[in-house]
Amino acid sequence: MTTAHSAPTKPGILVGLKAEAKFIRQIFPHAAIAASGATRVGAQREAARLAACGADCLLSFGLAAGLDPALPAGTLIVPETVQAWGTNYRCDPTLRHILGGTQPATLGGTLLHSDHVVLTAEEKARLFTQSGCAALDMESGFLARTAEEAGLPFAVLRVVCDPATRTLPPVAAAVLSPDGGLNIGALAGSLLRKPTQIPALIALGRDAGKARTAMQTFLTQQRTLRAFVRLAEG
């Protein structure tokens, strides 16, 4: 059963990377924002911290891995539910509406949570067949579970970065530092050991650029709407 909530004005926002936090800060200047570092431990810790900081709702923003092969990089997803550890967590309908979940430019459905980085097209295909979810990320499951435990409404806005048919280079799983920044030493070392990763890394960079542009354009449009401005600026 979905609990009705009045429109909140003090969001706590969970992202994966420092770059995402910096961008979201421009849209939500007064929100509590935390980066998980794209790790299971970081996502669990930061979701709990956001719930304890006085936020009246929890939001998840950032990149997602595509599972549905029909979705290109830049596809925006505002899911109705988040599937994690065998449970479907229902997103708050008011927050979904404010984030643009009823607009033609976004997809709904169910977003899959993963505790680890999914690198290969083969694993993405297996997860798509198994779950039917269009995309996955590594933060929204922890945010959804924390929101339920804290009695807070939550919602998610994610954009597909790497499409389902793209296999990521191994360096993608090791390049992030625990605080959500880039580990330059790990990046350089991995590329020196295996320079054949470079073309795939360049392709990933292009996809990430498309995803960031799509998210930025969409959120800029949302800032013209009164309900979104109230949520974003308090």
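Analysis parameters
- Residues numbered from 1 in each chain as written.
- Predicted model: local features only at pLDDT ≥ 70, side-chain atom pairs only at ≥ 80, totals over all residues.
- Heavy atoms only, no water.
- Axes fitted to C-alpha atoms, helices over the stretch in contact; angles between N-to-C directions.
- Helix = DSSP H or I, 4+ residues; strand = E, 2+ residues; numbered from the N terminus.
- Left-handed = near helix turned anticlockwise from the far one by under 90°.
- Contact = heavy atoms within 4.5 Å.
- Nonpolar A, V, L, I, M, F, W, Y, C, P; charged D, E, K, R; others polar.
- Buried < 20%, exposed > 50% of the residue type's maximum accessible area, 1.4 Å probe, protein only.
- Pairing = 2+ DSSP bridges.

Turning our attention to the packing of helix 2 (residues 40-51) against helix 5 (residues 140-150). Two elements in contact, helix 2 and helix 5, have axes separated by 9 Å at closest approach and are oriented at 30°. Helix-helix and strand crossings are classified by hand; for helix 2 and helix 5 the assignment is right-handed. Here helix 2 contributes R40, A43, Q44, A47, A48 and A51 to the contact with helix 5, which in turn contributes F142, L143, R145, T146 and A150. A class-by-class count of the residues in the contact of helix 2 with helix 5 yields 7 nonpolar, 2 polar and 2 charged.

Counting buried positions along strand 3 (residues 57-66) yields 9 of 10 residues, so the element is predominantly enclosed. When strand 1 (residues 11-15) meets strand 3, the two strands line up parallel, connected through 4 bridges. Within the sheet, the bridge partner assigned to L14 lies in strand 3 and is S60. Of the strand pairs in this sheet, strand 3 and strand 9 (residues 135-137) are connected by 2 bridges, and their pairing is antiparallel. What sits directly across from A65, in strand 9, is L136.

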